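Structural description and commentary
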Amino acid sequence: GASPAGGAGAPGSASGGGAASQPILGQLSADSLAGRRASLAHRAPRPFQTLRYSPLVAHFLKTRKFSSVNFVRPLRMGLTSAEERSKLMDVKHAMLVERASMAREHCEQLNSEYADLCSEVKRQERQRQAQAQAGKKRLEIRRKEVLRSDPHEYANYLVSLHLLQQGLGQNA
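An account of the accompanying structure is given in this report. Predicted model only: the values in this text are computed from it and were never measured. Along each chain, the written sequence defines residue order, and numbers are assigned to residues from 1. Totals for whole chains, interfaces and linings use all residues, but because this is a predicted model, local features are given only for residues with pLDDT of at least 70 and pairs of side-chain atoms are given and counted only at 80 or more. Side-chain figures throughout are based on the complete set of non-hydrogen atoms in the structure, without hydrogens or water.

**Quick word on the overall build of the protein chain**
Worth spelling out the cut-off: Helix and strand definitions follow DSSP, with helices as H or I runs of at least four residues and strands as E runs of at least two, each counted in order from the N terminus. Between buried and exposed lies partly exposed: a residue is buried under 20% and exposed over 50% of the maximum accessible area for its type, with that area taken using a 1.4 Å probe on protein chains only. Here, two residues are considered to be in contact whenever any of their heavy atoms come within 4.5 Å of each other. Areas reported as accessible are Shrake-Rupley estimates using a 1.4 Å probe. Residue values count occlusion only from the protein chains shown.
Assigned secondary structure in the protein chain consists of 4 helices and 2 strands. Listing every helix and strand of the protein chain by position from the N terminus yields α-β-α-β-α-α. Scored against the burial criterion, the 172 residues of the protein chain give a buried share of 11%. Within the protein chain, contacts between residues at least 6 apart in sequence are counted, and of these 52% link residues at least 24 apart. A total of about 14100 Å² of accessible surface is found on the protein chain, and carbon and sulfur atoms cover 57% of it.

**Comments concerning helix H3 (residues 82–148)**
Going by this rule: The span you would expect from a helix comes to 1.5 Å times its residue count less one.
In a regular helix each residue adds 1.5 Å, so 67 residues correspond to 99 Å; H3 covers 98 Å between its end C-alpha atoms and thus fits that length. Among the residues of H3, Glu84, Leu88, Val91, Met95, Gly135 and Val146 are the ones counted as buried.

**Some thoughts on a nonpolar patch on the surface**
Short version of the rule: The residues that make up patches have over 30% relative accessible area and no salt bridge, and they are joined within 9 Å when like-charged or within 5 Å when they are Val, Leu, Ile, Met, Phe, Trp or Tyr. Between Lys or Arg on one side and Asp or Glu on the other, a salt bridge is scored when a side-chain nitrogen of the former is within 4 Å of a carboxyl oxygen of the latter.
Together, Tyr154, Tyr157, Leu158, Leu161 and Leu164 line one region of the surface with nonpolar side chains, adding up to about 480 Å² of accessible area. Along the polypeptide, Leu158 turns up in helix H4 (residues 151–171).

In structure tokens, the structure reads:
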């Protein structure tokens, strides 16, 4: 029997429930990876085949036409097909390239935001500096006006203001 998670059966067995949406580890393929359902950390699929020899040795024996070929008992071997493995690596490479381009775009976006923020801060800094200079200039003009007029009259005005403030402070 198979569990609803779809991972309890043997790699080659059919499982119920989640087999259509979630591939079993043994059924992992490039097509299932394109949907990003499984992790790329898993190894390539190794479908089981009943063989007497590895495909390379079988080809060698077939080309040489040996007479004692069938003396070896057949075994179930899990073989990784090169085409499937290359598809898997192509998918993985495409995902990594896509991830790198997304990271590059994100960095460029952050860099442009930073540059915009820096230009805005510099603009505000220049504006405040201009305001400070304008304020200094107004104060200097006001000081010269006061000095041109009678400074004693201005001093008397300041003293009277000071006395009023002290008087208000004592009455309160």
